[in-house]
Number of protein chains: 2
Amino acid sequence: MNSLTETGKRARAASRVLACTTTGQRNAALTAIAAALEANAAAVLAENEKDLAAAKENGMIASMQDRLRLTPARISDIAEAVRDLVKLPDPVGQLIGGGSRPNGLKIEKVRVPLGVVGMIYEARPNVTVDAACLCLKSANACILRGGKEAIRSNTAFAEIMCGALEGAGLPRDGIQLVTDTSRASAGDLMTLDGYLDALIPRGGKGLIQAVVKGASVPVIETGAGNCHIYVDDSADLEMAVRVCDNAKTSRPSVCNAVETVLVHREIAAAFLPRLKEALDVHHVELRGCARTAALIPGVVPAAEEDYDTEFDDYILALRVVDSLDEAIEHIQRYSTGHSEAILTETYSHAQEFTSRIDAAAVYVNASTRFTDGGEFGFGAEIGISTQKLHARGPMGLNELCSCKYIVTGSGQTR
Amino acid sequence: MNSLTETGKRARAASRVLACTTTGQRNAALTAIAAALEANAAAVLAENEKDLAAAKENGMIASMQDRLRLTPARISDIAEAVRDLVKLPDPVGQLIGGGSRPNGLKIEKVRVPLGVVGMIYEARPNVTVDAACLCLKSANACILRGGKEAIRSNTAFAEIMCGALEGAGLPRDGIQLVTDTSRASAGDLMTLDGYLDALIPRGGKGLIQAVVKGASVPVIETGAGNCHIYVDDSADLEMAVRVCDNAKTSRPSVCNAVETVLVHREIAAAFLPRLKEALDVHHVELRGCARTAALIPGVVPAAEEDYDTEFDDYILALRVVDSLDEAIEHIQRYSTGHSEAILTETYSHAQEFTSRIDAAAVYVNASTRFTDGGEFGFGAEIGISTQKLHARGPMGLNELCSCKYIVTGSGQTR
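Residues numbered from 1 in each chain as written. Chains lettered and ligands numbered in written order. Predicted model: local features only at pLDDT ≥ 70, side-chain atom pairs only at ≥ 80, totals over all residues. Heavy atoms only, no water.

As annotated in an unreviewed UniProt entry, chain A carries the name Gamma-glutamyl phosphate reductase and comes from Anaerotruncus massiliensis. Annotation of chain A in UniProt includes, under Subcellular location (unreviewed entry), the sentence "Cytoplasm". If you open the UniProt record of chain A and go to Catalytic activity (unreviewed entry), you find "L-glutamate 5-semialdehyde + phosphate + NADP(+) = L-glutamyl 5-phosphate + NADPH + H(+)". (UniProt positions renumbered as here; feature names shortened; annotations may be inferred.)

This is the structure in structure tokens:
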């Protein structure tokens, strides 16, 4: 029935071996993988060329081709990122709670690997190495299913990593790539009950929703970021222009970029022309409410759906609001719970905003672009969770772990 | 489409109010609920009588009727448990991580409520009060769907609690009972996407599997406990008899009761007759392998499925194994990841068992019956998670929470 059952069984077996490895064994394997990636770069690049040729033939747009493309420098960067993982603390085995009970039982709450982690992702072949090595560092086995566009690059990466794993004395089934890139194989991964402890989709909204709806295994929802900045009437306007500009234009395609700026009516006339001036440099299209349009020229009238859209592009929605309350209500209505910011000098407004807004990251006087494992100091990131179960916000090595209670006694009964 | 959409919207609105309440407000509401339960006990008992009459008419078995039955003493116990919640520390607002970043950003990781928690459960009406009050203590709104057998008792409980909530100045939609107990309403709760942050099923295997398979909202799987005790060749046999007897007979119907005892061949001849003698007192039916049957009389031959069954009854499976390895392999094959124990005096065996066995709770020289929020010192429990995402083992107030990152700056951009 499920084409991946054997893959799942092998992953489970490998996960049991990995769970009992030492930090040193896993770090040695990561080091071996980094070296093997560099030593075999030419082979990967040759396969990547074939992926790119097929992509061109199929009319893939240029920005997608760029995501798919590997170069010697990019492979070095990927290998270097693997070496960076070696330096991070091992999450496995950390004592995260516990104590003695009145009856003498000793309880230790210990961090352990999740077990088997599945990833479904799209065209970026670097995710194959990233995800596999984050899982290896945290002693998880992984089953990776990338997009068909990158299948030759992904296969080359996986073969190199499995060889290095084996050379380091660890089970090669610790990293498995699903080479069948049909829609059916994605469905089989989503329903691999009993063999997957977590499934993490990474990619566009369509992919993530398909996984959330279709999966019977536990899923961590990632990514969708319809992020807002509210510019309060007491905001420092120079700072507000700088922060909004950064949040929109430093990298519009990512999930922590801002999509709507809400502006208090008292400062709208002073602020909006200055914001427009800054954004015009990057040719940002502005879509705004009637009050916005009355204050700055060239604004496209915003439709309801503009406030509900993650543009991921040089487009920004604008709305003038009467109060902090109205800003919070707007955000509560349209937020995907990713990153939300207030720019204000009013202490009580900052307090109210951070208390009432329900999102993974809530900012005061800073750009939403900081929601990121690296920026948060986690050293690495497997994705950004927008759900509230298990992990919220950037997920690092700790979030790839579960816990177990080890209870030791001297014959206690209840 | 979804009959519960309005219920979900009201719960979401209430959850936003609850998330900003103080510990004192929520404790006052809990105290009011406890008082109201006692003051209105007669009304609840009258409704419970109707449930019981209907249950008898429908031929409900005696043990199920007992679960459904309320008495004045039971209602007092329920109210007392609510008062105990008042004394527990508030999980909401606890600072659980964070620090300063090199760019001056200050990051606080704060515990926040999940938001809206759904519960699907069976015939015990006390779960209605338990679950609602655990959610209230942790500032969550809840949507409760109990079994149809208890609908009159549940409705009475819910009306009392909502009245007390309102009297305490909190939104009565913070606690909502689904009064439509059709199969369709359960399905609608499982697919109430966007309005439920977590759905927790409590009940038998059939219920839990139906929820895990059918839900598109995030689920915490609870309960199934096919628990093992392995009696090593170095075990203290007197202790082993006492622990195995306790784990089987102190409360056979619960998930942390032992279902299979694995016995090392070296001590099988000395141990099994003593175990049988202790279990005979409770008329425990023994199902064993051929080697077990050769050592003690009256053993029913164990079929493969006996090792795969959570009997929840006075039945115990037995198997003689050649080694610790064989015991671990048996457990890896049949375990539901709930509670597993080794009884041994060999230090390295204890280490190997706790390292290799992947379960919520792994015991050395103690009964599996301790896997419980109360016994672990959590003060209260909403269920026992057997999955690895979010929570594992007994779930207390902390496990009804998520986190959010509050990031404060002075105009930082990236």
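Q: Where do I start with the overall build of chain A in this structure?
A: A tally of helices and strands in chain A yields 15 helices and 16 strands. For 414 residues, the compact-globule estimate of 2.2 N^0.38 gives 22 Å, and the C-alpha radius of gyration of chain A, at 24 Å, lies within 12% of that figure. For chain A, buried positions account for 57% of its 414 residues. The contacts of chain A with a sequence gap of at least 6 include a subset with a gap of at least 24, amounting to 73%. A total accessible area of about 15400 Å² is found for chain A, and carbon and sulfur atoms account for 51% of it. The averaged location of the 52 negative side-chain charges in chain A is 7 Å from the averaged location of its 42 positive side-chain charges. (Helix = DSSP H or I, 4+ residues; strand = E, 2+ residues; numbered from the N terminus. Rg over C-alpha atoms; globule rule 2.2 N^0.38 Å. Buried < 20%, exposed > 50% of the residue type's maximum accessible area, 1.4 Å probe, protein only. Contact = heavy atoms within 4.5 Å. Areas by Shrake-Rupley, 256 points an atom, 1.4 Å probe, with all protein chains shown as cover. Lys, Arg positive; Asp, Glu negative; His and termini not counted. Charge placed at Lys NZ, Arg CZ, Asp CG, Glu CD.)

Q: Sorry if this is basic, but what is going on with the relation of the copies chain B and chain A here?
A: Two copies of the chain are present, and they differ by a rotation about an axis and a shift along that axis. Between the two copies, chain B and chain A, the superposition gives an RMSD of 0.0 Å; the rotation angle is 180 degrees and the shift along the axis is 0.0 Å. This pairing of chains is accounted for by a two-fold axis. No C-alpha of chain B approaches the rotation axis more nearly than that of B:His390, which lies at 1.7 Å. Mapped onto chain A, 100% of the interface residues of chain B are again interface residues, and the two copies thus contact each other with one and the same surface. (Least-squares fit on C-alpha atoms with pLDDT ≥ 70 in both.)

Q: I'm lost on the interface of chain B and chain A in this one. Help?
A: Interfaces are frequently sized by the accessible area removed from exposure as the parts join. Taken residue by residue, the interface counts 69 residues in chain B and 69 residues in chain A. A combined buried area of about 5600 Å² lies between chain B and chain A, and 52% of that area is made up of carbon and sulfur atoms. Among the salt bridges present, the one from A:Asp197 reaches B:Lys388, with a minimum N-O distance of 3.5 Å. The interface formed by chain B and chain A includes 44 residue pairs in polar contact (both at pLDDT 80 or more). For the side of chain B that touches chain A, the secondary structure elements donating two or more residues are α1 (5-19), β2 (106-113), α9 (205-214), α10 (237-249), α14 (347-356), β13 (361-366) and β16 (401-412) of chain B. A total of 11 residues in the side of chain B that touches chain A trace back to one element, the largest contributor, which is β16(B). Partitioning the side of chain B that touches chain A into residue classes produces 31 nonpolar, 21 polar and 17 charged. Summarising the sheet, strand β16 (residues 401-412) of chain A and β13(B) pair through five bridges and their orientation is parallel. Within β13(B), the position partnered with A:Ile406 by the bridge is B:Val362. (Buried area = accessible area lost by both parts, 1.4 Å probe. Salt bridge = Lys/Arg side-chain N within 4 Å of Asp/Glu carboxyl O. Polar contact = N/O pair within 3.5 Å; in protein donor to acceptor, adjacent residues only side chain to side chain. Nonpolar A, V, L, I, M, F, W, Y, C, P; charged D, E, K, R; others polar. Pairing = 2+ DSSP bridges.)

Q: For this particular structure, what's the right way to read the pairing of strand β11 (residues 315-321) of chain A?
A: Look at any regular strand and the pattern is simple: side chains alternate between the two faces of the sheet. All names here are of chain A. Counting buried residues in β11 gives six out of seven residues, a clear majority hidden from the surface. The pairing of strand β8 (residues 258-264) with β11 spans five bridges and is parallel. What sits directly across from Leu262, in β11, is Arg319. Judged from the four bridges that link them, strand β9 (residues 285-288) and β11 form a sheet pairing that is parallel. In the sheet register, Leu286 faces β11, and the bridge partner there is Leu316.

Q: Where do I start with the environment of A:Thr7 in this structure?
A: Residues and elements named next belong to chain A. Mapping Thr7 onto the fold places it in helix α1 (residues 5-19). The class of Thr7 is buried, set by a relative accessible area of 12%. Taking the C-alpha atoms as reference points, Thr7 and Pro252, 245 residues apart in sequence, are found 38 Å from one another. Beyond its immediate chain neighbours, meaning those up to four positions away, Thr7 contacts Ile143 and Gln176.

Q: What is the right way to look at the UniProt feature "domain: Aldehyde dehydrogenase" (unreviewed entry) in chain A in this model?
A: Cross-referencing UniProt, the feature "domain: Aldehyde dehydrogenase" (unreviewed entry) maps to residues 9-280 of chain A in the present numbering. Each end of residues 9-280 of chain A is marked by a C-alpha atom, and these two atoms are 55 Å apart; helix forms 53% of the span and strand 17%.

Q: What is the right way to read the nonpolar core from this model?
A: Soluble globular proteins tend to pack their nonpolar side chains together in the buried interior. A:Ile33, A:Leu37, A:Leu144, A:Ile175 and A:Leu199 are the most contacted members of the largest nonpolar core, which totals 74 residues. Broken down by element, the residue count for this core peaks at nine residues, all from helix α7 (residues 151-167) of chain A. Aside from chain neighbours lying at most four places away, what touches A:Leu37 is A:Ile75, A:Ile78, A:Ala79, A:Val82, A:Val129, A:Phe157 and A:Ile160. Counting 73 residues, the second-largest nonpolar core is a separate cluster that includes B:Ala11, B:Leu37, B:Val116 and B:Ala380. (Core = buried A, V, L, I, M, F, W, Y, C linked by side-chain atoms within 4.5 Å.)

Q: Would you mind showing me how to read the packing of aromatic side chains here?
A: For any two aromatic rings, the description comes down to two numbers: the centre-to-centre distance and the angle of the planes. Considering all chains together, one arrives at eight aromatic pairs over all chains under this definition. Taking 6.1 Å as the distance between ring centres and 90 degrees as the angle between the ring planes, the aromatic pair formed by A:Phe376 and A:Phe378 counts as edge-to-face. Looking at A:Phe378, the relative accessible area reads 25%, which means it is partly exposed. Relative to B:Phe376, the ring of A:Tyr405 lies with its centre 5.0 Å away and its plane at 65 degrees, an arrangement referred to as edge-to-face. One end of the pair, A:Tyr405, is in strand β16; the other, B:Phe376, is in the loop between β13 and β14 (383-385), on a second chain. Judged on exposure class, the residue A:Tyr405 and its partner B:Phe376 are both buried. (Phe/Tyr/Trp six-rings, centres within 6.5 Å; stacked < 30°, edge-to-face > 60°.)

Q: Please clarify how the domain arrangement of chain A should be interpreted in this entry.
A: Residue and element names in this part refer to chain A. Domains assigned within chain A are domain 1 (5-221 + 387-408) and domain 2 (227-370). A separation of 35 Å is found between the C-alpha centroids of domain 1 and domain 2. With five residues of domain 1 in contact, the opposing surface of domain 2 contributes five residues. A buried area of about 370 Å², summed over both sides, lies between domain 1 and domain 2, and 31% of it is on carbon and sulfur atoms. On the domain 1 side of the contact with domain 2, Arg67, Lys388 and Arg392 bury the most area, a combined 70% of that side's loss. (Domains from an automatic or database assignment.)

Q: How do you make sense of the sheet that holds strand β5 (residues 175-177) of chain A when you look at a structure like this?
A: Strand-to-strand pairing in sheets goes through backbone hydrogen bonds, with the strands running parallel or antiparallel. All names here are of chain A. An order of β5-β4-β3-β6 is seen for the four strands of this open sheet, with the pairing classed as parallel. The sheet is open, and its two borders are formed by β5 and β6 (198-202), each paired with just one other strand. Neighbour-to-neighbour, the strand axes of the sheet open up by a mean angle of 20 degrees, direction not taken into account. (Axes fitted to C-alpha atoms, helices over the stretch in contact; angles between N-to-C directions.)

Q: What am I meant to see in the packing of helix α2 (residues 23-39) of chain A against helix α5 (residues 72-87) of chain A here?
A: Geometrically, a packed helix pair is captured by the angle between its two axes and the distance between the axes. All names here are of chain A. The N-to-C vectors of α2 and α5 enclose an angle of 170 degrees; their axes lie 9 Å apart at closest approach. When the axes of α2 and α5 are compared, the pair comes out roughly antiparallel. Packed against α2, whose contacting residues are Asn27, Leu30, Thr31, Ile33, Ala34, Ala35, Leu37 and Glu38, the element α5 presents Ile75, Ser76, Ile78, Ala79, Val82, Arg83, Leu85 and Val86 at the interface. Residues of the contact of α2 with α5, tallied by class, amount to 11 nonpolar, three polar and two charged. (Parallel < 35°, antiparallel > 145°, perpendicular 65-115°, else oblique.)

Q: Is there a simple way to think about the side chain of A:Ser339 in this case?
A: All names here are of chain A. Assignment of secondary structure puts Ser339 in strand β12 (residues 339-343). A polar atom in the side chain of Ser339 sits 2.6 Å from the side chain of Thr371. Excluding its chain neighbours within four sequence positions, the residues that come into contact with Ser339 are Cys227, His228, Ala361, Tyr363, Thr368 and Thr371.

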